[in-house]
Amino acid sequence: MTSHPVFTRFRPGPGWWVPVLLCGFAALLLNWSGTQAMDNKLLDIQFWLAREYSPQTVEHEPVIVGINEAFLDEVDEPLVLNHVYLAEFLKTMNLAGAKAVGMDVSLPEKRYDTLVSTRKADADFHKALLSGMLETIQGTPVVAAKVWDTQRRHFINIQVDYAAVLGMQNARFQPVASAEFCRDSDQRIRRFPGKQCQPDGGASGLATEVAAAAGVRQDWSGLINYRLGPRFDYIPLQDVLHLSDKGNIGELKRRFEGRIVLLGATMEATDLVDLPVSLASWLPDGVPNPGVLAHAQLLRSIMNQRMLKPSSHEVLFTLCCVFVLFWFGRSVRWKVALFVLAVTTLLAASTIAMQYDVWLPPTAILLTGLLALGSSSAYQGWRHFIDKQRLSKAFSGRVSPAVMDEIVAGREHNYTHSRRLPVCVLFSDIRGFTTLCEHAQAEEVVSLLNRYFAVMSKAVHEHGGTIDKFIGDGMMAFFGAPNTLPSPEQSAFDAARDMLYALADLNTELQQEGKPPLAIGIGLHSGDAVIGQVGSAERHEYTAIGDTVNTAARIEGLCKDVGYPVVCSDTVADKLLDLVTFVSLGEKHLKGRSAMAVFGWQLPQETTTNLLKKQANP
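Calculation rules
- Sequence order sets the numbering: in each chain, residues are counted from 1 along the sequence as written.
- Local features in a predicted model are, by the rule used here, given only for residues with pLDDT of at least 70; side-chain atom pairs are given and counted only at 80 or more, and totals for whole chains, interfaces and linings are based on all residues.
- Excluding hydrogens and water, the side-chain values take into account all heavy atoms of the structure.
- Here a Phe, Tyr or Trp ring, Trp counted by its six-membered ring, pairs with any other such ring whose centre lies within 6.5 Å, and the pair is stacked when the planes are under 30 degrees apart, edge-to-face when over 60, and tilted otherwise.
- Secondary structure elements are taken from DSSP: a helix is a run of H or I of four residues or more, a strand is a run of E of two residues or more, and numbering for both begins at the N terminus.
- Note on classification: 1.4 Å probe, protein chains only; a residue is buried when its accessible area is under 20% of the maximum for its type, exposed when over 50%, partly exposed between these limits.
- Remark: a charge is flagged as sitting over a ring if the NZ atom of Lys or the CZ atom of Arg is within 6 Å of the ring centre and within 35 degrees of the ring normal.
- Here, a salt bridge means any side-chain nitrogen of Lys or Arg that lies within 4 Å of a carboxyl oxygen of Asp or Glu.
- If DSSP finds at least two bridges between two strands, the strands pair.

Q: Please give an account of the packing of aromatic side chains that cites residues and values.
A: Applying the stated criterion to the full structure yields 15 aromatic pairs. Ring plane angle 55° and centroid distance 6.0 Å describe the contact between phenylalanine 478 and tyrosine 542, whose orientation is recorded as tilted. Placement of the pair is phenylalanine 478 in strand E15 (residues 474-479) and tyrosine 542 in strand E17 (residues 540-545), with a sequence separation of 64 residues. The exposure classification of phenylalanine 478 matches that of tyrosine 542, with both residues buried. Here arginine 300 stacks its cationic end above the ring of phenylalanine 232, 3.7 Å away from the centre of that ring.

Below, the structure is given as structure tokens:
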């Protein structure tokens, strides 16, 4: 039973240990900081795309009250002494029916009850804030932020009286909670600020406790969902206080009733953080945002039950091992096409998963697949190179280098398909070889022929010729196929000349061995011939067929009669008369065709004399 040709492309490689190794490498990739950094960049892109093209509305939206530069310009006291205004704000939130208040501002460490205002001599900063807090917590839960002192390495404690008043609230939440965030390697805030992110290992984050004060308590984890909601606007603190002074309770209730309110700095140079997307509607893109917006976005995620959950390690590892399958298969083209399809599918799946508040980080999966595909392709390339070398070594003695190059390069069509091409055909044989064979052992004859053809073949190949066949002591070659040559006639003549030089050197060796010298005849003719593969599927050869070939063979037969080692037709001589001195031999009758003008050539006399001297005095 034979397998379908499509499935033969997907046969396993050298062993299963490679996929196992790749799966192990995938496990390392899943925990590599570089992978996580790339995933973070992709996550930011998905957040941006979602906000641009698929904005998510939310039911529970926090309100931000901002302390801006205009507020500081309006009041007389420095920010650290804004007790009265904070108290007024808290009481206003209670009157407006706010669901909970989160204060992303640092409450004072000291009482400041000895300070006196020049405009309000009877003002007591400490008592004013205490009174405001006591009144507010009766109807509206309040959570205050605590800030980490990086130098002293502990949270800055708020003044004990304020902490005591806040501690009087319901025990379902922590009234003082950390304002610290988790920051990734690029310092951006993406993760839920759980205990692993808190400097003291506590689990009480400001947004978490504000949500708990509003009645939503859960063991939160995952990523802040920056897809939710539009950009934030804020209500300036001074506007809230003005509404309170005017007694406009209706407007206050319209804005704050039943909603979580966050108070924080919205100034352009205070408490700024780097976020994946810009959340401040009053700031340009690409600049840090006030920290209170990060708390607000986290509250969006919590209150709407839309925290972004990363895919489990097991799911990611399984997908990595699925992409390891790109190691298998023999067709690189098919695997690349499937890999592109798989990558597209993976990215689409990651985007779709985010619609369901699931984050599928693709980097480790893609890198694993790329490594599997790349290593498989590299291995196949190496095997292909080894096979080429083995093929070249095995067949280099059976076909000409030009044909071998076409085979190794995979350009079979250049020699399997018959084509009519202009070529110059060369025939040669050894004069008196039959007589030589009568006086020598067969083994000696074969050894001599091998030595002779070795030097003759080298001369042909050096000039771009293709040896068609060896016929006893004869040789047929052609120039101009499968590789084209600028002048096939010139290349053929140069090869014939070098064959004579090589023969002279061989005769010197034979003389030293006490053996008789050899003499050869070479015939050249050019014209069109049919070049291609001839034979059966089991046995075939690359050859030239046509009248040009037959004529070259007949011309070579004239060499003995005319006394020249090289005889060529007029079609060859006409192409070389400007470079080579030929001797016209007139028209000669050739067997099977009409008379043809032929020309003879031999090595120059001085060259022949030198060769004879060299043979005489080796």
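Past the structure itself, the notes keep going.
Q: Tell me what's going on with the pattern of salt bridges, and back it up with residues and numbers.
A: Taken as a whole, this structure holds 24 salt bridges when the rule is applied. Between arginine 451 and glutamate 513 there is a salt bridge, and its shortest N-O distance comes to 3.0 Å. Residue arginine 451 is located in helix H17 (residues 442-462), and its partner glutamate 513 is located in the loop between helix H18 (488-512) and strand E16 (520-535); the two are separated by 62 residues in the primary sequence. For arginine 451, a relative accessible area of 25% translates into the label partly exposed. Across the pair aspartate 468 and lysine 469 runs a salt bridge, and its minimum N-O distance is 2.5 Å. A relative accessible area of 25% places lysine 469 in the partly exposed class. Linked by salt bridges that have partners in common, Lys41, Asp44, Asp184, Asp186, Arg188, Arg190, Arg191 and Asp274 make up one network.

Q: Can you break down the pairing of strand E1 (residues 63-67) residue by residue, with the values?
A: Here E1 lies mainly inside the structure; five of its five residues are buried. Of the two faces of E1, both are covered, the one formed by Val63, Val65 and Ile67 as well as the one formed by Ile64 and Gly66. With five bridges connecting them, E1 and strand E8 (residues 260-265) associate as parallel partners. What sits directly across from isoleucine 67, in E8, is alanine 265. Relative to strand E7 (residues 235-236), E1 runs parallel, the two sharing two bridges. Looking across to E7, one finds that valine 65 is bridged to isoleucine 235.

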